[in-house]
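Notes for the structure review
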Amino acid sequence: MPVTAIVGAQWGDEGKGKVVDTLANHADVVVRYNGGNNAGHTIQNQHGTFRLHLLPSGIFHPAAQCVIGPGVVVNPDVLLGEIAEVERAGISTQGRLWLSDRAHLIFPHHILTDELEEAARGGKPHGTTKQGIWPSYSDKVARIGIRLGDFAEEAHLAEQLRFIAERKSALFEGVYHHEAIDAGNLLAACARWSERLRPYIIDTHPLVQEALRADRMVLLEGQLGVMRDLDWGLYPYVTSSTTLPGGASSGAGIPPYKITRILGVAKAYTTAVGSGPMPTELVDATGDRIRELGQEFGATTRRSRRCGWFDGVAARFAAEVAGFTHLAVMKLDIFDTFDTIRIGAAYRLGERTLHTVPHTAAMARVEPVYEDLPGWRCATSGARRLTDLPVAARMFLRRIEEIVSVPIAMIGVGPERSDVIFCQEGWA
Ligand code: GDP
Ligand code: IMO
Ligand code: MG
């Protein structure tokens, strides 16, 4: 059975949640491997509409074991709220949601640090989600992070929290002119979280290994996209985790060679939230039209997403560094009323033509070289096979395949679980 990594091929919000919810029909295990509640994975199915921030998007399939892996940073209050939300919709999480005892915590002071540092940048913020993602990963790398498994080690936890409170207080009082961090409050929060999350916290390693040994179907659910990967994204306008399948391997605890399929998820156009270069961005009526038709407003922050044409250079670059074996192209239906659709096929940088993503500063200066393709001007949402699509839509998809050099396995034609076309063996 395949082990499939689902990886964002653009700037995030490509439709990964929908893809995982759709594929999880046959999955035994679904693992979130990176990021935290900066994610907003929207799912529309028979249970309703959900914007999941931490729960794996396989949660709506009762047979799927759902794992939050060691690579994720966990805000317990957000997670508890989300568990309550899906339970209210009749979805049981008991005995099938598992949190790695190796996953790190996000504390309120991480969120505050994120907010204060963004504010300190004045008119030039990075545009983070202000969920405390980088401060938590930063403590993890500095080796002063607290992990879910530490809840069970009370003496160690109390000692660590005292040290953290002392060091952070110096920062908060001295740099931010903010009140000190109280170790007692941190300890009390941990006690509260521990009590409610205890049934879910385990060493997830045996569960994942057993799934591999028994040749079960495993899905690895990515957060964000390659253009915001810490190493390969447009630094510093990136997140603080690895969005690539390498992150799926380490963040879930699966040897790289066991990942048999890597599905890059892209939209038929490009969106981004937050700052940094986005060569195909449209700051005009066409951009507004895509935003309105695609309802491109952030699932986590409700910010308007920046919209533009499909960036073939960025998607091809993503395919190269992430090693996509297949591509999912979502939201094809958003172009149903367009006369002409553009694809960015290369970049111009001064006299040079580029087919790869350069350093961030140069990326801010590139001009896309567009190809114009005819629109199809009819509804695609009812299509369930490739041959149901109009010829112009197939030509558009064919051109994306050529530019990205990866076969398309899945096409999104609407927000519902069933609004999908599978076009390769072994994916339906
Ligand atoms: P994610 O973060 O990658 O899971 O993506 P988001 O959930 O943030 O954003 C994708 C949005 O597009 C959500 O509102 C989905 O419901 C919606 N969506 C996904 N696939 C399709 C599609 O094929 N057509 C349409 N119209 N909407 C889609
Ligand atoms: P999903 O999983 C879109 C963006 C932020 C900011 C940058 C860093 O739904 O695709 P962070 O809070 O991670 O430090 O912010 O990354 N960002 C996202 N953009 N979708 C997301 O998640 C995002 N998570 C973070 O806007 O530019
Ligand atoms: Mg999202």
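Below is a summary of the structure that appears in this document.

Rules used throughout
Counting from 1, residues in each chain are numbered in the order their sequence is written. Chains and ligands are labelled by the order in which they are written, letters from A for the one and numbers from 1 for the other. Per-residue local features are limited, in this predicted model, to residues with pLDDT of at least 70; the limit for side-chain atom pairs, both in listing and counting, is 80 or more; totals at the level of whole chains, interfaces and linings are taken over all residues. Excluded from the side-chain calculation are hydrogens and water; included are all heavy atoms of the structure. The numbering of helices and of strands both runs from the N terminus, where a helix is a DSSP run of H or I of at least 4 residues and a strand a run of E of at least 2. Every radius of gyration here is taken over C-alpha atoms, with the globule rule written as 2.2 Å times N^0.38, N being the number of residues. Buried residues are those whose accessible area, probed at 1.4 Å on protein chains only, stays under 20% of the maximum for their type, while exposed residues exceed 50% and partly exposed ones sit between those limits. Distances up to 2.8 Å from the metal define which N, O and S atoms are donors, and 3.2 Å serves for Na, K and Ca; water is absent from the atom set, so sites may look incomplete. Nearness here has a simple test: a residue counts as near a molecule or strand if at least one of its heavy atoms is within 4 Å of that partner. Nitrogen and oxygen atoms within 3.5 Å of one another constitute a polar contact, given that in protein one can donate a hydrogen and the other can accept it, and given that sequence-neighbouring residues count only through two side-chain atoms. Each accessible area is a Shrake-Rupley estimate made with a 1.4 Å probe; only the visible protein chains count as cover when residues are assessed. As a working rule, the residues Ala, Val, Leu, Ile, Met, Phe, Trp, Tyr, Cys and Pro are called nonpolar, Asp, Glu, Lys and Arg charged, and the rest polar, with Gly in that last group. Think of each axis as a best-fit line through the C-alpha atoms, taken over the contacting stretch in the case of a helix, with angles from 0 to 180 degrees between the N-to-C directions. The handedness criterion is simple: a crossing whose near helix is rotated anticlockwise from the far helix by less than a right angle is left-handed, and one whose near helix is rotated clockwise is right-handed. Residue contacts are defined here by distance: any two heavy atoms, one from each residue, within 4.5 Å place the two residues in contact. By definition here, a salt bridge exists when the distance from a side-chain nitrogen of Lys or Arg to a carboxyl oxygen of Asp or Glu is within 4 Å. One bridge is not enough; two strands pair if DSSP finds at least two bridges between them. Regarding the arc, it is the one traced by the directions from the helix axis to the C-beta atoms. Ring geometry is summarised as follows: Phe, Tyr and Trp rings, the Trp one being its six-membered ring, pair when their centres sit within 6.5 Å, and such pairs are stacked at plane angles under 30 degrees, edge-to-face over 60 and tilted between the two.

**Let's talk about the overall build of the protein chain**
- Within the protein chain, the secondary structure is distributed over twelve helices and 19 strands.
- The C-alpha radius of gyration computed for the protein chain amounts to 22 Å, which stays within 12% of the reference 22 Å derived for 428 residues, consistent with globular compactness.
- Along the first, second and third principal axes, the C-alpha set of the protein chain runs to 65 × 50 × 40 Å.
- Out of the 428 residues belonging to the protein chain, those deemed buried represent 57%.

**Quick word on the coordination of the magnesium ion (ligand 3)**
- Coordination of the magnesium ion (ligand 3) by the protein involves D13 (OD) and G40 (O), with metal-donor separations of 2.0 to 2.2 Å. In this pair, D13 sits in the loop between β1 (3-8) and α1 (16-23) while G40 sits in the loop between β2 (29-32) and β3 (41-45), placing the two residues 27 residues apart along the sequence.
- Given a relative accessible area of 22%, D13 falls into the partly exposed group.
- Exposure remark for G40: the relative accessible area of 11% places this residue in the buried category.

**Quick word on the site of ligand 2**
- The full set close to ligand 2 counts 20 residues, and D13, K16, H41, T129 and T239 are the nearest of them.
- Note that an oxygen atom of ligand 2 is positioned 2.8 Å from one of the backbone N or O atoms of D13.
- Between ligand 2 and K16 there is a distance of 2.7 Å, counted from an oxygen atom to a side-chain nitrogen or oxygen.
- Here ligand 2, which alone exposes 550 Å², has 98% of that area covered by the protein.
- Along the lines of polarity and charge, the residues of the shell around ligand 2 split into five nonpolar, eleven polar and four charged.

**A look at the site of ligand 1**
- The environment of ligand 1 is made up of 18 residues, and the closest members are G15, K16, G17, T42 and D333.
- Within the backbone of K16, a nitrogen or oxygen atom sits 2.8 Å from an oxygen atom of ligand 1.
- Contact with the protein chains covers 93% of the free accessible surface of ligand 1, which is 590 Å².
- At the level of secondary structure, the elements contributing two or more residues to the shell around ligand 1 comprise α1 and β3.
- With three residues, α1 is the largest single contributor of residues to the shell around ligand 1.

**A word on the packing of helix α3 (residues 108-120) against helix α4 (residues 133-141)**
- Orientation of α3 relative to α4, taken along the N-to-C sense of each, is 115 degrees, at an axis distance of 7 Å. Read as a crossing pair, α3 and α4 show a hand that is right-handed. Along the contact surface, α3 presents H110, T113, D114 and E117, while α4 presents I133, W134, P135, S136 and D139.
- Grouping the constituent residues of the contact of α3 with α4 by class yields three nonpolar, three polar and three charged.

**Observations regarding the side chain of T204**
- Structurally, T204 is set in the loop between β9 (201-202) and α7 (205-213).
- The contact partners of T204, leaving out residues within four places of it in the chain, are V67, P70, W98, L99 and S100.

**So, the pattern of salt bridges**
- The full count for this structure, using the stated rule, is 21 salt bridges.
- Note that D21 is salt-bridged to R417, the shortest N-O span being 2.9 Å. Remark: R417 occurs in the loop between β18 (408-412) and β19 (420-422) and D21 occurs in helix α1; sequence separation between them is 396 residues.
- Its relative accessible area of 1% is what places D21 among the buried residues.
- Of the charged contacts, one joins D419 and R384 as a salt bridge, the two residues approaching to 3.0 Å between their closest N and O atoms. Here R384 lies in the loop between β17 (367-374) and α12 (391-404) and D419 lies in the loop between β18 and β19, a separation of 35 residues in the sequence.
- Residue classification places D419 among the buried residues on the basis of a relative accessible area of 10%.
- When salt bridges that share partners are traced, they join D13, K267, E296, R305 and K331 into one network.

**Some thoughts on the pairing of strand β13 (residues 306-311)**
- The element β13 is extensively covered by neighbouring structure, given that six of its six residues are classed as buried.
- Of the strand pairs in this sheet, strand β12 (residues 269-272) and β13 are connected by four bridges, and their pairing is antiparallel. Bridge pairing in β13 places Y269 opposite W309.
- Pairing of β13 with strand β15 (residues 340-349), which is carried by two bridges, proceeds in the parallel orientation.

**Thoughts on the environment of I334**
- Along the chain, I334 turns up in the loop between β14 (326-330) and β15.
- Sequence separation between I334 and A268 is 66 residues; the distance between their C-alpha atoms is 8.2 Å.
- I334 has contacts with Y269, I290, L293 and G294, leaving out every residue within four places of it along the chain.

**What to know about the sheet that holds strand β7 (residues 97-100)**
- With mixed pairing, the ten strands of this open sheet are ordered in space as β9-β7-β5-β2-β10-β1-β11-β14-β18-β19. Every interior strand has two partners, whereas the edge strands, β9 and β19, have only one.
- In the sheet, β14 pairs with β18 via three bridges, with the strands oriented parallel. Bridge pairing in β18 links V329 to I411.

**Digging into helix α9 (residues 285-294)**
- For α9, the full list of buried residues reads G287, I290, R291 and G294. End-on, the buried residues of α9 take up no more than an arc of 100 degrees, which puts them together on one face.
- At the N-terminal end of α9, a side-chain oxygen is found 3.0 Å from the backbone nitrogen of T286, two or three residues along, and the residue is D284.
- One or two steps after α9, the chain reaches Q295, where phi turns positive at roughly 50 degrees.

**A short note on the packing of aromatic side chains**
- Under the criterion given, the structure shown has ten aromatic pairs.
- Measuring from ring centre to ring centre gives 5.8 Å for Y269 and F335, while their planes differ by 70 degrees; the resulting arrangement is edge-to-face. One end of the pair, Y269, is in strand β12; the other, F335, is in the loop between β14 and β15, and 66 residues separate them in sequence. Across this residue pair, the class does not change: Y269 and F335 are buried.

Don't take any of this as a statement about function, it's just geometry.
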